[in-house]
Structure formats: structure tokens, C-alpha cells
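Per-entry structural report
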Amino acid sequence: QHYSGLEEAVYRNIQACKELAQTTRTAYGPNGMNKMVINHLEKLFVTNDAATILRELEVQHPAAKMLVMASHMQEQEVGDGTNFVLVFAGVLLELAEDLLRMGLSVSEASYILVIEGYEKACKKALEILPDLVCCSAKNLRDVEEVASLLHTSVMSKQYGNEGFLAKLIAQACVSILPDSGHFNVDNIRVCKIVGAGISASSVLHGMVFKKETEGDVTSVKDAKIAVYSCPFDGMITETKGTVLIKNAEELMNFSKGEENLMDLQVKAIADSGANVVVTGGKVADMALHYANKYNLMLVRLNSKWDLRRLCKTVGATALPRLTPPTLEEMGHCNSVYLSEVGDTQVVVFKHEKEDGAISTILIRGSTDNLMDDIERAVDDGVNTFKVLTRDKRLVPGGGATEIELAKQITSYGETCPGLDQYAIKKFAEAFEAIPRALAENSGVKANEVISKLYAVHQEGKKNVGFDIEAEAAAVKDMLEAGVLDTYLGKFWGIKLATNAAVTVLRVDQIIMAKPAGGPKPPSGKKDWDEDQND
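Quick notes on the rules
- Residues numbered from 1 in each chain as written.
- Predicted model: local features only at pLDDT ≥ 70, side-chain atom pairs only at ≥ 80, totals over all residues.
- Heavy atoms only, no water.
- UniProt positions renumbered as here; feature names shortened; annotations may be inferred.
- Axes fitted to C-alpha atoms, helices over the stretch in contact; angles between N-to-C directions.
- Helix = DSSP H or I, 4+ residues; strand = E, 2+ residues; numbered from the N terminus.
- Parallel < 35°, antiparallel > 145°, perpendicular 65-115°, else oblique.
- Left-handed = near helix turned anticlockwise from the far one by under 90°.
- Contact = heavy atoms within 4.5 Å.
- Nonpolar A, V, L, I, M, F, W, Y, C, P; charged D, E, K, R; others polar.
- Pairing = 2+ DSSP bridges.
- Patch = residues over 30% accessible without salt bridge, like charges linked within 9 Å, V, L, I, M, F, W, Y side chains within 5 Å.
- Areas by Shrake-Rupley, 256 points an atom, 1.4 Å probe, with all protein chains shown as cover.
- Salt bridge = Lys/Arg side-chain N within 4 Å of Asp/Glu carboxyl O.
- Lys, Arg positive; Asp, Glu negative; His and termini not counted.
- Charge placed at Lys NZ, Arg CZ, Asp CG, Glu CD.
- Buried < 20%, exposed > 50% of the residue type's maximum accessible area, 1.4 Å probe, protein only.
- Domains from an automatic or database assignment.

An unreviewed UniProt entry lists the chain under the name T-complex protein 1 subunit theta, from Orthonyx spaldingii. Per UniProt, the chain carries the Subcellular location (unreviewed entry) text "Cytoplasm".

Right, here's the structure in full:
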């Protein structure tokens, strides 16, 4: 079979995208298989999270990169549903290929027809979507209700532990939701400590650092915290000075002056009322001695990000020099203490207030890979909560929304007179890929599931989707089962997947800029072009 140059280029692009989508398709849904990804640094990831898989795979093909970009956009916009974008865009391209093979005339016009049909169908799908909303979140400050809404998102990553994890995430999110309703994802921290099991995970109001305290004091109640971004050490002059010492007395007095200065500095900090000092640099032995003398608890944080977050949590200002803090610059929290979780020492800054600025989810697990996967599930849950603070609407999950859209868009395709009706019907057919992937990954005959879903939806039952937990091909009401997806997640998923597919179809040539051939630049002496006389 002979293809023209245009057709050949488009088919090659579609092939690359199909292969990428196929990779993540088997990871879709709660029963999706895990992928073992080894990245360029030889770090091992075991996960079914599409965002992580794509981030660590170095996709080279420019057309396939378009799908990766669409998936990243979904990650930034919604924080979940990246796999949906990939699977849906992959199927749209696969069906576009079928249309072109079927004999829509091989010319630029036929591509335009497919593209126009897809764009029309996408517009129609986004018009229908608000009618498929089955319920809305009522009270985002109710932990039980929020936990039930986060179930679906967590379930796709951690099937079996979703109840426990959804409750943890709900507690953490609700405790820091401000009155304004502007929720910041960064305010939920995750601290992973090897040992015990998932069920030993917990939520703390405040922050947890995998550090040990520097001095002798390991616990302070009603802490007043001074935060320094500089090392906890004496000031060093910028220029080197030479000191001539003639006798023993001068030698004694020389070191004494330094000690007295350090003593005065630490005493001034203690006198200001501070009883915890957090520093972003090294702690000198002499400074440590005086901190112990004045009963100051010393914590060293190497990361400036941790230092900033801590300042935000306790309401402190990071000082650039060892000056005594004023009352406004000091931070406050209920207690700071050194604790042992498993065999790991941690410093906990605990805020008993319910409306603290930051919450930490302490994850326990048997291996690092397992905890990384739980952290990804937590991230998805937290992002879902953020989406709900923006738009409380929910649509049924388990393929129910997709089958209803497929049914309605097929009917819409029948009413369109032009050739683009074929593309519109194919767009509707693409939605079947989602329940199909769920069924295949659960080991059930996909065709049987899809025919049952269509039959039920023809009767007007919009909320019925695929029952993952049943032995055979069974369907059930997703609203009653509590399997719900966010409206915004679906909205952006459909929009971004269609845009990516259409962009790939619009491409007929890939032109790579590569360095031209020619002699290599001289690699002799470093300064070959300098004057020799210097």
C-alpha cells in the first residue's frame, strides 16, 4: 500500500503517540499495573502514576512530546487525571488513523475534516458535561464528607488503603483551610519514615523534620522561636588580620575576648525571651556551649526552603545576623521536641491550634518505593481537595460520564450533515476507551461491559458505571457507590487531550535543527586567541 509523503508523516506521528498512550493505558484505574521505571540517573520508580512515569521517561519523539505536554498541563491545572489525558488523546489519534485509512480522501482537506469534526465534538462534550453533574460538595470543613470525596482519587493509586489515606488527607486539608477558601497545596507537607506499616501513618499540625537537635535541650513547651538564616557562630572579619602575641597572658586574653563576645550575643538572645533557636548554617562549638549554658534548644536546618516554611508555620522572621529578636520577629508554637519514630530521630514543631498554617502527614511504610507511591497518592488527594475549593461540582466515575458523553455525542453526530460527522462519531467512540481500560485492567471482557453500560444508559440512568469489585462484567450506580470525579478534572482532561490530538494531526513535517557538520573548533591551549606578549 502506497502512502503519500503527507500521509506517511502523519501515520508516523500517530504511531509514536499510540505507543506512548499504550504504555500508561495498562496503568489506568485501581487495578492498573505498576510500571518499573529506571530514569537516566538509574533511580528506580515503581508506580502506576502517569505523571511520574512521563516525568522520568525521556520521550524523544516530538509528536509524542505533545501528549506529554498536555499531560503536564493537566498536572498543573488539576493535579490529577494525567492518565485520562494520555489514554483519551491516544485513542483519538488511533481512530483518526482509522478514518484516514478508511478512505477519507488523502489530501489536506481530509485532515481538516477530521480536525474540524474533533473540535466540534469537543465543544459539544464540554456543553453536555455540566448536565452530567450528579452532586456537589456541601461542606469542605467536614472531615467525613471530604474523605468520601477524595476516595476515588486515592483509590486509583492505593487500592485497598484508600479509606485510611483519604481520612488522613482530609484531616490535614480541613485543618489548614483558611476562611478565605484559598487553599495552597504547599501547606501540606509529607515526611516519610521507613518502618511499621501504612496504618501507622498520622497527621500532625505543624512541621516535622528528619533532624536531631544540636544541643542538650531536647524539648520545650510554649516555644518562642528565633530563626536565623546565618550560621550560629561568631562574626568573622572580612580581611585576614595578623596578631602578634608576646606572652602567655596576651594569648589568654585574646581567646577570652572572643568568648565574652559570644557569651554576650547568646545571652542577649536568651534575654529576649527566645528558648528555641533555628539556624540555617553551621553551629560553632563555642556557640553551642553557650546555648547549653542558657538553656536554648538548637535546631539546624540545611534547606532554606525548610527554613522559609518553618517561618511561615510559626510566624517568625528569619534574621540575617545574630541579633536578639524582637517580639514581632519571634515565632510561637505549643511545643518543640525531639522524638523517635521507628529508629529515626525527628524534631517536631507542634501547633495545637486547629487552623495552623501548615500540616504534616507522617507516612510510614516498609520500603522507600512504597512510601514514594503513597506520597503520590497523597499529592493527588490534596490536589483534588484544591480543585473542590475552586469548583464543588462532581460527576460520576467508573466510566459513567464517558459512556453518557459517547451516547449523546453519537446522537449529535447523526444530526450533522457534512463529512465531519464521521469524525464526531469517532470522537464519541474514543470515550469508550476509559471504561474499556478499566475493564481490561480488572480482567473482565471489555465489550461485554461497554454493551451493558450502553443498555443501562439508554434507559436514562446517567450515573451507572463499571463495577470494579464484581467478579464478572457488572455495572452499578456510581453516585451510591461514592465513586466520583471532579467536574474540573474531566473538563480540562477532555479539552487538553483534544487539543493535543488535533495539534499532532495538524503536523505534516518534523524538522529537526541539528548542528551542521564541519571542522571542530581547536581544542589546544585555553587562551589560544590571547596576545602572547601579556
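Before going further, it helps to spend a moment on the packing of helix α7 (residues 162-175) against helix α11 (residues 368-390). Following both chains from N to C, one finds α7 and α11 inclined at 50°, their axes separated by 10 Å at the closest point. Considered as vectors, α7 and α11 are oriented oblique to each other. Where α7 crosses over α11, the two elements pack in a sense that is right-handed. Each of Leu 165, Ile 169 and Cys 173 in α7 lies in contact with α11, whose residues at this interface are Ile 374, Ala 377, Val 378, Gly 381, Val 382 and Phe 385. Across the contact of α7 with α11, the residue classes break down as 8 nonpolar, 1 polar and no charged.

Glancing now at the sheet that holds strand β13 (residues 393-396). The strands making up a sheet associate through backbone hydrogen bonding, with each pair oriented either parallel or antiparallel. A sheet is described by the order of its strands in space; here 3 strands give the open sequence β3-β13-β16, paired in antiparallel fashion. The sheet is open, and its two edges are formed by β3 (135-136) and β16 (484-486), each paired on a single side. Where β3 meets β13, 2 bridges bridge the pair, whose relative direction is antiparallel. When the bridges of β13 are listed, Ser 136 appears paired with Arg 393.

Okay, the pairing of strand β11 (residues 344-350) next. Sheet topology places strand β5 (residues 202-209) next to β11; 4 bridges connect them, and they run antiparallel. Bridge pairing in β11 links Val 208 to Val 348. Of the pairings in the sheet, the one linking strand β10 (residues 331-341) to β11 comprises 7 bridges and is antiparallel in character. Across the sheet, Leu 338 pairs through a bridge with Val 347, a residue of β11. The hairpin formed by β10 and β11 contains 2 residues between the paired strands, and Gly 342 there has a positive phi angle of roughly 65°.

On the surface, a cluster of negative charge is contributed by Glu 212, Glu 214, Glu 340 and Asp 343. Within the element layout of this structure, Glu 340 appears in strand β10.

Here the focus is unusual backbone geometry. Backbone geometry at Glu 42 places phi at a positive 65°, although glycine is not the residue there. Secondary-structure assignment places Glu 42 in the loop between β1 (35-38) and β2 (44-47). A relative accessible area of 69% places Glu 42 in the exposed class. Phi is positive for Asp 222, which is not a glycine, with a value near 50°.

By the assigned domains, the chain splits into domain 1 (5-134 + 395-506), domain 2 (138-188 + 366-391) and domain 3 (203-356). Of note, the centres of domain 1 and domain 3, computed from C-alpha atoms alone, are 54 Å apart.

What follows concerns the pairing of strand β6 (residues 219-228). Residues in a regular strand point their side chains to alternate faces of the sheet. Two elements, β6 and β10, share 6 bridges in a ladder whose sense is antiparallel. Note that in β10 the partner of Ala 223 across the bridge is Cys 333. Bridge count between β6 and strand β7 (residues 276-279): 4 bridges; the pairing is parallel. Its bridge partner being in β7, Ala 226 is matched across the sheet by Val 277.

This brings us to a nonpolar patch on the surface. Together, Val 243, Ile 245, Leu 251 and Phe 254 make up an exposed nonpolar region whose accessible area comes to about 380 Å². If you trace the backbone, Val 243 turns up in the loop between β6 and α8 (248-271).

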